[in-house]
Every structure is written in C-alpha cells, then in structure tokens.
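Each chain is listed here by its residues.
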Amino acid sequence: MNRAIFPGSFDPLTKGHYDIIKRGIPLFDEIIVAIGVNGSKKYMFSLEERKAFIEKSFADEPKVKVATYEGLTVEFCKEIGVEFILRGLRNPADFEFEKAIAYTNRDLAPIETVFLLTSANTSHISSSIVRDVIKNNGDYTKLVPDSVRVK
C-alpha cells in the first residue's frame, strides 16, 4: 500500500494545501495530513482548530487521514511506516528549500519525496499571507476552504 504524509503546520489550511491533497489522492492509497507541532512557534489557530479544519474539508474522502506529530518528519514517517512525503511547490524558492530537505530525509531514511506543482490559481497563497489578511480584517475566505472560519 502506497501511503504518503503531507506535513505542515496548516495555520491555517489554505486552498493551495487543499489542492495538493486533492490532486495527491489518485496517486496514493492513503494520505496522512500530518500537522507538525513546534512548541517554540506561536500559532494563530489551536492544534484542535487546525485539525478540525482539515477533517471537515476531507470528511467525504476516506483516503485522507489527519495526524499530529512532534520532531523530525522523517522520524514520524518511520514510526508509522510511510515511505512517501508529499510536498507542494509554488515557486523556484520553494523548490530549492524543499530539495535540500528531501535530500536530507533520504539520507536519514528510505523516504521519497513527491513534489506537485501548485495550480496556477493557488500558487500565490501561503498560510502567512492568509494570517496577515485575517489580522487586518480582510476577506480571507477567498484563500481558504469553506471549513476554515475565524470566530
């Protein structure tokens, strides 16, 4: 069974994340959206909120699961027996950054990274941009799935 994790902080889940997950579904038997927990990072949304955003967005998709983890992504992959990491690329800078991580992960474990290019209509979206729009009372709803709503 080909299983992949799609790791990130998802603070919050964006339409770009959603697009990569949806397009990855035909490629894998299961995609685990893996929310990394970093105690030194300040999040806009709680872990529970981020997890709920993802679960609600993919409630009708049995091949998508949600998990949380701490530490190295590659160690989490080994722990749960996953051989693939799914990543989205928005631009050349993303590629250079992700390439270095993929090489390091492959040195640490037999893990392959699969890259998907973001769709043209979502390539400008990042969680940090969404957070900035939210902080400044902008219309963030155009940038995130319907499950993501600020209270």
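Residues numbered from 1 in each chain as written. Predicted model: local features only at pLDDT ≥ 70, side-chain atom pairs only at ≥ 80, totals over all residues. Heavy atoms only, no water.

Some thoughts on the overall build of the protein chain
Line of reasoning, step 1. Scanning the protein chain from terminus to terminus reveals 5 helices and 5 strands.
Line of reasoning, step 2. For the protein chain, the succession of helices and strands along the chain, N to C, is β-α-β-α-β-α-β-α-β-α.
Line of reasoning, step 3. In terms of overall dimensions, the protein chain is globule-like: its C-alpha atoms have a radius of gyration of 15 Å, near the 15 Å expected for 151 residues.
Line of reasoning, step 4. When burial is assessed residue by residue, the protein chain has 46% of its 151 residues classed as buried.
Line of reasoning, step 5. Sequence separation of at least 24 residues holds for 78% of the intrachain contacts in the protein chain that already meet a minimum separation of 6.
Line of reasoning, step 6. Of the roughly 8300 Å² of accessible surface on the protein chain, a fraction of 52% belongs to carbon and sulfur atoms.
Line of reasoning, step 7. Here the protein chain contributes 21 positively and 21 negatively charged side chains, and the mean placements of these two sets differ by 4 Å. (Helix = DSSP H or I, 4+ residues; strand = E, 2+ residues; numbered from the N terminus. Rg over C-alpha atoms; globule rule 2.2 N^0.38 Å. Buried < 20%, exposed > 50% of the residue type's maximum accessible area, 1.4 Å probe, protein only. Contact = heavy atoms within 4.5 Å. Areas by Shrake-Rupley, 256 points an atom, 1.4 Å probe, with all protein chains shown as cover. Lys, Arg positive; Asp, Glu negative; His and termini not counted. Charge placed at Lys NZ, Arg CZ, Asp CG, Glu CD.)

Some details on the pairing of strand β3 (residues 64–70)
Line of reasoning, step 1. Bridging between strand β2 (residues 30–37) and β3 involves 7 bridges; their strand directions are parallel. Residue pairing in the sheet places V33 in a bridge with V66 of β3.
Line of reasoning, step 2. Following the chain from β2 across helix α2 (residues 47–57) to the adjacent parallel β3, one finds a crossover that is right-handed. (Pairing = 2+ DSSP bridges. Right-handed = clockwise from strand over helix to strand, strands pointing away.)

So, the packing of aromatic side chains
Line of reasoning, step 1. With the rule as written, the count across this model stands at 6 aromatic pairs.
Line of reasoning, step 2. Geometrically, the ring pair formed by F95 and F115 is edge-to-face, given 6.3 Å between the ring centres and 65 degrees between the ring planes. Of this pair, F95 sits in helix α4 (residues 92–108) while F115 sits in strand β5 (residues 112–117); the two residues are 20 residues apart in sequence, bridging distant segments of the chain.
Line of reasoning, step 3. Exposure remark for F115: the relative accessible area of 28% places this residue in the partly exposed category. (Phe/Tyr/Trp six-rings, centres within 6.5 Å; stacked < 30°, edge-to-face > 60°.)

Some points on the sheet that holds strand β4 (residues 84–89)
Line of reasoning, step 1. Spatially, β3-β2-β1-β4-β5 is the arrangement adopted by the 5 strands of the open sheet, whose pairing is parallel. A strand with exactly one partner marks an edge of an open sheet, and here the two such strands are β3 and β5. Taken pair by pair, the neighbouring strands of this sheet meet at an average axis angle of 35 degrees, ignoring direction.
Line of reasoning, step 2. By the bridge criterion, 6 bridges tie β4 to β5 in an arrangement that is parallel. Within β5, the position partnered with F84 by the bridge is E112.
Line of reasoning, step 3. Helix-sheet contacts for helix α1 (residues 15–24) involve β1 (3–8), β2, β3, β4 and β5, and the interaxial angle to β5 is about 115 degrees. (Axes fitted to C-alpha atoms, helices over the stretch in contact; angles between N-to-C directions.)

Side note on the pattern of salt bridges
Line of reasoning, step 1. Under the counting rule described, the total for this entry stands at 11 salt bridges.
Line of reasoning, step 2. Taking the shortest distance from any N to any O, the salt bridge between E98 and R87 comes out at 2.7 Å. Taken together, the residues span a long stretch of sequence, with E98 in helix α4 and R87 in strand β4 at a distance of 11 residues.
Line of reasoning, step 3. K99 serves as the salt-bridge partner of E96, at 3.3 Å between the closest nitrogen and oxygen. Taken together, the residues span about one helical turn, with E96 and K99 both in helix α4 at a distance of 3 residues.
Line of reasoning, step 4. A relative accessible area of 47% means that E96 is categorised as partly exposed. (Salt bridge = Lys/Arg side-chain N within 4 Å of Asp/Glu carboxyl O.)

Section: the side chain of R3
Line of reasoning, step 1. Within the fold, R3 resides in strand β1.
Line of reasoning, step 2. Of note is the side chain of R3, whose polar atom sits 2.9 Å from the backbone oxygen of I80.
Line of reasoning, step 3. Sequence-distant contacts of R3, that is, excluding residues within four places in its chain, are made with F28, E30, I32, I80, G81, V82, E83 and F84. (Polar contact = N/O pair within 3.5 Å; in protein donor to acceptor, adjacent residues only side chain to side chain.)

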